[in-house]
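So you can see what is in the structure, the chains are spelled out below.
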Amino acid sequence: MDTDLSSQDRKDLDKFIKFFALKTVQVIVQARLGEKICTRSSSSPTGSDWFNLAIKDIPEVTHEAKKALAGQLPAVGRSMCVEISLKTSEGDSMELEIWCLEMNEKCDKEIKVSYTVYNRLSLLLKSLLAITRVTPAYRLSRKQGHEYVILYRIYFGEVQLSGLGEGFQTVRVGTVGTPVGTITLSCAYRINLAFMSNRQFERTPPIMGIIIDHFVDRPYPSSSPMHPCNYRAGEDNGAVYPSVEDSQEVCTTSFSTSPPSQLIGPGKEGGVPPVPSQPAHGTQADQERMCTPLDGGHYSAATPSSSEDTETVSNSSEGKCGSPHDLLETIFIRKVGAFVNKPINQVNPPDSPETASPLQGSLHSEGSSGSSTGNTHDDFVMIDFKPAFSKDDILPMDLGTFYREFQNPPQLSSLSIDIGAQSMAEDLDSLPEKLAVHEKNVKEFDAFVETLQ
Amino acid sequence: MVGPGRSRCCAPPRAGPAMNCRAEVLEVSVEARQVEEAMLAVLHTVLLHRSTGKFHYKKEGTYSIGTVGTQDVDCDFIDFAYVRVSSEELDRALRKAVGEFKDALRSSGSDGMGQISLEFYQKKKSRWPFSDECIPWELWTIKVNVVNLANEQERQICREKVGEKLCEKIINIVEVMNRHEYLPKMPTQSEVDNVFDTSLKDVQPYLYKISYQITDTLGTSVTTTMRRLIKDTLAL
């Protein structure tokens, strides 16, 4: 099956797929950190930006992904999956999404690895960036903090969708055909938010089908204070994750051009002979003809980068992304933390550290200072009063104000002791008179009662 | 009309083989204050997929590509967030076009219907005395219907509904992008300005132009920009 693929192409393809898988995991996990991501465009290639996209590498995430892959690549029947789940402060958890990177048997023998496949993988990553913001888990992850955190788990093998509950939906991010199979990236996400008691990540049926509305229906902007996702130095961060990648893993940065077929003539582009037209299917013909590699070494290797991970994380020039000063550090500082304002011994560690790891920051010293500022908050947190059944949080004044004003109405005057006693005496005195009057009108009352019957 | 390539006006394509321009139409109903953010979300998502890093041509017919950064944008009037290319120049250009469209919608009258189009094209050089041809290869049209809402509760519902609708639109756009249909072939150095907009300093989108039309109360379109109407490409 692979006899048509040159060894160089095969090596390139494997490298592309490997780094595509790693970048896919980074994009998904970073999209669930709970904060806005911002990376800078650079007109000069650095040699370490795979697929010509500025996607930072969180070392822990890369480590987890490599551990899950264990040197293998996604292949038929062996998919790479990223599971996103939600865990409350009480310890209940719920799977929200499964992102699957799969390979099927449908091969595209004609496609050019070094150019077309690479560019289409780049396009697929852009699509992934867009799609990760439109599934329901994105909004949930932006609001994580006190009550719940978002966790991720990477596994390799068969896709397990049963934890998503009934009626989950699927969105396909895209596909890229290669000479060894078609890469497919998709997401299955939960729509039924009935809570499952799932401490061991077992697929047990829910004990009580409670729908936790306030996770989803909380109006935006939230009226309760948003807390930054603080880095929490804790149980899982004993190890130092290697941030220096293999120096041989350099991404393709140069591409070849060939003169367009209509400009056949001498002396083109430094002596590059014109490309013979090749049979290629469909509308891809023009694109592929353009960039046929004429020999094996058509791309000049960039200077090997010493590290793929230490690119500067800088914000855009006008500082539009949040916390510009924090992001100027080389590695991410702020991560999904845990339970700000709670003492450490109350925090629930993940039940199976091998299978799940909370999103934690890289091992930067500033992280702990961020965490400490969080802990200096008061023991009591002011929250806005939300009257029951009130959905209108934009104007809580309506029902809320009414509620507050009329919670303590002034006391009835007749119930106060002084005035009450006086009027009571008067009432008692006037009773005989009133009775006499009513007795006189007995016939009228009887006639009235008869009309009612 | 905004977009690159304005300095030299392109002639409409000459009569010949039918234009093979891919056309996609999206429709949204929004409040007046949501028009800008909804349009920017869609246009930025399309341009994210249709922009590359800057090309640097070297000798021996090779070129290298710069890096495209991205950033998250939260909408203020819609429960929605999207990703755009990290390029202030590109953002400014889109905001200018959308701003003009929004103003035109507002001053058009009570109906509030219109459409904004993003067209990707290639330039084809012609010999003197003919001016260069602009050959569109992809056209995105967003039809907008502006609604007026009576109270805060309806506005809150609208925030959420429009957010959900935009999520669907993003999924539609991604689906089209991943069909891997026609894209202009990668140009040589001499041809690069016929395919890409090389005027930005940090990224390189395909050549594009943005135009809009406002529908008057009779339902007929009043062209406010380009004279050339690509009617057949607007039909799905």
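Nothing here was measured: the structure is a model prediction, and the numbers come from that model.

Caption draft 1: Spatial organisation of the packing of aromatic side chains. Residues and elements named next belong to chain B. Here the structure, examined in full by the defined rule, presents 17 aromatic pairs over all chains. Aromatic side chains phenylalanine 55 and tyrosine 57 sit 6.1 Å apart centroid to centroid with 70° between the ring planes, which places their arrangement in the edge-to-face category. Owing to a relative accessible area of 9%, phenylalanine 55 belongs among the buried residues under this scheme. With a relative accessible area of 17%, tyrosine 57 lands in the buried category. Taking 5.5 Å as the distance between ring centres and 40° as the angle between the ring planes, the aromatic pair formed by tyrosine 57 and tyrosine 63 counts as tilted. The same class applies to tyrosine 57 and to tyrosine 63, which are both buried. Members of the aromatic cluster, joined through ring pairs, are Phe55, Tyr57, Tyr63, Phe120, Trp137, Tyr182, Phe196 and Tyr206. A cation over a ring is seen here: lysine 209 above tyrosine 121, with NZ or CZ 4.3 Å from the ring centre.

Caption draft 2: Fine view of the pairing of strand β8 (residues 133–147) of chain B. Residues and elements named next belong to chain B. The buried fraction of β8 amounts to 11 of the 15 residues, a majority that puts the element mostly inside the structure. Across 10 bridges, the pairing between strand β1 (residues 22–31) and β8 is parallel. Along β8, the bridge assignment pairs arginine 22 with glutamate 138. Where strand β7 (residues 113–124) meets β8, 12 bridges bridge the pair, whose relative direction is antiparallel. Its bridge partner being in β8, methionine 113 is matched across the sheet by asparagine 145.

Caption draft 3: The arrangement of the state of the cysteines in detail. Residues and elements named next belong to chain A. In total, this model carries zero disulfides over all chains according to the counting rule given. Free of any disulfide, cysteine 100 has its nearest cysteine sulfur in cysteine 81, 4.2 Å distant. Residue classification places cysteine 100 among the buried residues on the basis of a relative accessible area of 6%.

Caption draft 4: Region of the structure containing the nonpolar core. Counting residues in each nonpolar core, the largest one holds 121 residues, and the members touching the most others are B:Met39, B:Phe80 and B:Val144. Among the nonpolar cores identified, the runner-up in size contains six residues, and A:Cys81, A:Ile98, A:Cys100 and A:Leu164 belong to it.

Caption draft 5: Examining the confidence of the model for chain A more closely. All names here are of chain A. With 51% of its residues at a pLDDT of 70 or more, chain A shows a mean pLDDT of 66. Within chain A, helix α6 (residues 285–290) has the poorest average pLDDT of any element, 37, and strand β5 (residues 181–189) the best, 95. Contacts from residues 196–248, a stretch scored under 50 in pLDDT, to residues over four places away or in other chains number 134 contacts. Scored below 50 in pLDDT, residues 259–378 makes 249 contacts in the model with residues more than four places away or belonging to other chains.

Caption draft 6: The packing of helix α1 (residues 7–31) of chain A against helix α2 (residues 59–69) of chain A, seen in detail. All names here are of chain A. It is at 10 Å that the axes of α1 and α2 come closest, and there the two elements cross at 130°. It follows that α1 is oblique to α2 by the angle criterion. The chirality of how α1 crosses α2 is right-handed. Two secondary-structure elements touch here, α1 through Ala21, Leu22, Val25, Gln26 and Val29 and α2 through Val61, Thr62, Ala65, Lys66 and Leu69. Of the residues in the contact of α1 with α2, the class split is seven nonpolar, two polar and one charged.

Caption draft 7: Up close: empty space enclosed by the protein. Within this structure, the stated rule accounts for 11 cavities of 30 Å³ or more. Looking at the largest cavity, it is lined by 28 residues, and the ones nearest its centre are A:Asn119, A:Leu123, B:Thr52, B:Leu183 and B:Tyr206. Elements with a contribution of two residues or more to the lining of the largest cavity: α3 (113–131) of chain A together with β2 (51–53), β4 (62–65) and α3 (152–177) of chain B. Broken down by element, the residue count for the lining of the largest cavity peaks at seven residues, all from α3(A).

Caption draft 8: Region of the structure containing the environment of A:Leu53. Along the chain, the position of A:Leu53 falls in the loop between α1 and α2. Here A:Leu53 falls in the buried class, since its relative accessible area comes to 1%. Along the chain, A:Leu53 and A:Ser122 lie 69 residues apart, while their C-alpha atoms are 7.3 Å from each other. Among all residues touching A:Leu53, those that are not within four sequence positions of it are A:Ser122, A:Leu125, A:Lys126, B:Thr67 and B:Val68.

Rules used in this analysis
Residues numbered from 1 in each chain as written. Chains lettered and ligands numbered in written order. Predicted model: local features only at pLDDT ≥ 70, side-chain atom pairs only at ≥ 80, totals over all residues. Heavy atoms only, no water. Phe/Tyr/Trp six-rings, centres within 6.5 Å; stacked < 30°, edge-to-face > 60°. Buried < 20%, exposed > 50% of the residue type's maximum accessible area, 1.4 Å probe, protein only. Lys NZ or Arg CZ within 6 Å of the ring centre and 35° of its normal. Helix = DSSP H or I, 4+ residues; strand = E, 2+ residues; numbered from the N terminus. Pairing = 2+ DSSP bridges. Disulfide = S-S within 2.5 Å. Core = buried A, V, L, I, M, F, W, Y, C linked by side-chain atoms within 4.5 Å. pLDDT = per-residue confidence, 0-100. Contact = heavy atoms within 4.5 Å. Axes fitted to C-alpha atoms, helices over the stretch in contact; angles between N-to-C directions. Parallel < 35°, antiparallel > 145°, perpendicular 65-115°, else oblique. Left-handed = near helix turned anticlockwise from the far one by under 90°. Nonpolar A, V, L, I, M, F, W, Y, C, P; charged D, E, K, R; others polar. 1 Å grid on protein atoms, 1.4 Å probe; cavity = no way out; pocket = protein on both sides within 12 Å on 5 of 7 lines; lining within 4 Å. Points joined across faces, edges and corners; volume = space filled by probe spheres on them.

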